[in-house]
Amino acid sequence: MGPQPLLVDVLPDTLAGSRRGPVAVLTLNRPAKRNALCDEMILGIERFFAELPDDVGAVVLAAAGEHFCAGLDLGEMAERDALAGVRHSRMWHRVFESIEFGRVPVVAALKGAVVGGGLELAAAAHVRVAERSTFYALPEGQRGIFVGGGGAVRLPRLIGVARMTDLMLTGRRYDADEGSAVGLSQYVVEVGAGLEFALGLADQIAGNAAQTNFAVIQALPRIAEAAPREGYLMEAMMAAIAQDTDDAKQRMRDFLEGRAAKVTDR
Ligand code: 1HE
């Protein structure tokens with residue numbers, strides 16, 4: 001079955017929603033402006049994640065045109081004072097948290113520019129696939145501003161403070177392979193192959209047990225940041241809750257009785 005429209009009535013024209021079976025696709029749809037993120041798009045992203053149907057098991061974050069996202073819409077920020085700036089940044093935080101700590105895992109399909117706020121958006125996803133055309137940068141330094149979409153929190157966790165400092169101070173770009181080597185993407189694929197590859201991963205993710213996906217996106221990042229004493233306890237409790245589900249018991253029986261897939265290479 002081909003893609004079906006999804007949430008068309010609630011999304012602005014600068015976003016497009018569709019679904020393929022259990023996977024919902026949110027496409028940044030402002031290619032003439034390289035998918036620069038205006039307020040309308042940020043609030044539309046929030047609505048998309050808030051109104052995802054219950055039977056969606058994973059999301060792919062995609063982009064129309066040759067670039068994933070050129071970051072903050074610079075045209076909208078000219079006259080903002082300090083308080084308005086804080087509020088604006090906090091709005092991005094709220095929306096990107098609804099991606100990172102939402103109900104389902106999110107796979108981002110990257111290509112071309114993944115810069116500034118576009119990289120911050122990508123960092124809120126759980127898995128990143130980069131086409132060979134992808135390049136990453138934080139041009140905030142050149143624009144006289146600072147990251148404001150959660151990048152100062154999420155990016156050091158992916159690449160470390162030293163690399164982020166270098167990106168911001170020198171205006172350096174990473175290409176797709178460099179980005180993958182430093183931890184910005186988990187996969188690099190040929191130009192034009194990113195969406196299908198991301199859809200394949202999302203389909204697999206949607207087939208996981210719901211309790212495992214919940215544990216991975218809700219518990220794992222908190223455990224990883226907790227002090228070890230608290231982390232071990234949280235891990236034990238999450239493991240106990242997951243294995244107690246009927247679904248987990250069935251999956252283990254399926255393996256023991258030879259009905260489940262072995263661990264094989266993709
Ligand atoms: C934009 C934006 C934008 C493009 N806001 N309009 N982000 C940046 O500093 C990146 C700025 N953009 C670029 O460096 C380049 O546009 C790209 C490398 C991404 C793409 O280059 P190219 O040659 O394909 O496109 P272009 O001709 O530069 O841009 C096409 C149009 O998109 C053009 O508008 P037009 O009306 O003249 O056709 C550009 O003005 C427009 N455009 N990027 C507004 N960002 C929460 S804090 C986050 C802080 C940040 O994200 S700072 C980083 C901002």
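Note that the structure is a prediction, hence the values are computed from the model and not measured.

Help me understand the packing of helix α5 (residues 151-159) against helix α6 (residues 161-170) in this model?
Orientation of α5 relative to α6, taken along the N-to-C sense of each, is 120°, at an axis distance of 7 Å. As far as their axial angle goes, α6 and α5 are oblique. Of α6, the residues touching α5 (which contributes Gly151, Ala152, Leu155, Pro156 and Ile159) are Val161, Arg163, Met164 and Leu167. Looking at the contact of α5 with α6, its residues break down into seven nonpolar, one polar and one charged.

What is the right way to read helix α2 (residues 82-100) from this model?
Structural remark: α-helix, 3.6 residues per turn; residues separated by three or four positions point the same way. Counted at 1.5 Å a residue, the expected span for α2 with its 19 residues is 27 Å, and the 27 Å between its end C-alpha atoms agrees. For α2, the complete set of buried residues consists of His88, Ser89, Met91, Trp92, Val95, Phe96, Ile99 and Glu100. Buried positions along α2 lie against α1 (39-50), β5 (106-110), α3 (117-124), α5 and α9 (210-225). Taking the backbone nitrogen of Leu83 as reference, a side-chain oxygen 3.3 Å away marks Asp81 as the first, capping residue of α2.

Just to check I follow, could you spell out the side chain of Glu100 for this structure?
The topology assignment puts Glu100 in helix α2. The class of Glu100 is buried, set by a relative accessible area of 16%.

For this particular structure, what's the right way to read the domain arrangement of the chain?
The parts lose accessible area when they come together, and the size of an interface is often stated as this lost area. One can read the domain layout of the chain as domain 1 (4-206) and domain 2 (210-256). Taken together, the contact pairs ten residues of domain 1 with six residues of domain 2. Summing both sides of the interface, domain 1 and domain 2 together bury roughly 590 Å²; the carbon and sulfur share of this comes to 53%. Of all residues in domain 1, the largest losses of buried area upon contact with domain 2 belong to Phe101, Pro105 and Arg157, amounting jointly to 61% of the total for that side. Linking domain 1 with domain 2 are one salt bridge. Its salt-bridge partner being Glu225, residue Arg157 comes within 3.0 Å of it at the nearest N-O pair. Scanning the region where domain 1 abuts domain 2 turns up four residue pairs in polar contact (both at pLDDT 80 or more).

I'm lost on the packing of aromatic side chains in this one. Help?
Any pair of aromatic rings gets described here by the distance separating the centres and the angle formed by the planes. One pass over the full model with this rule turns up three aromatic pairs. On the basis of an interplanar angle of 80° and a centroid distance of 5.4 Å, the ring pair of Phe48 and Phe49 is categorised as edge-to-face. An identical accessibility class is assigned to Phe48 and Phe49; each is buried. The side chain of Arg173 reaches across the aromatic face of Phe135, ending 3.7 Å from its centre. Here the guanidinium or amino end of Arg222 rests over the ring plane of Phe101, the centre of that ring lying 4.5 Å away.

How each quantity is defined
- Residues numbered from 1 in each chain as written.
- Predicted model: local features only at pLDDT ≥ 70, side-chain atom pairs only at ≥ 80, totals over all residues.
- Heavy atoms only, no water.
- Axes fitted to C-alpha atoms, helices over the stretch in contact; angles between N-to-C directions.
- Helix = DSSP H or I, 4+ residues; strand = E, 2+ residues; numbered from the N terminus.
- Parallel < 35°, antiparallel > 145°, perpendicular 65-115°, else oblique.
- Contact = heavy atoms within 4.5 Å.
- Nonpolar A, V, L, I, M, F, W, Y, C, P; charged D, E, K, R; others polar.
- Expected span 1.5 Å × (residues − 1).
- Buried < 20%, exposed > 50% of the residue type's maximum accessible area, 1.4 Å probe, protein only.
- Polar contact = N/O pair within 3.5 Å; in protein donor to acceptor, adjacent residues only side chain to side chain.
- Domains from an automatic or database assignment.
- Buried area = accessible area lost by both parts, 1.4 Å probe.
- Salt bridge = Lys/Arg side-chain N within 4 Å of Asp/Glu carboxyl O.
- Phe/Tyr/Trp six-rings, centres within 6.5 Å; stacked < 30°, edge-to-face > 60°.
- Lys NZ or Arg CZ within 6 Å of the ring centre and 35° of its normal.

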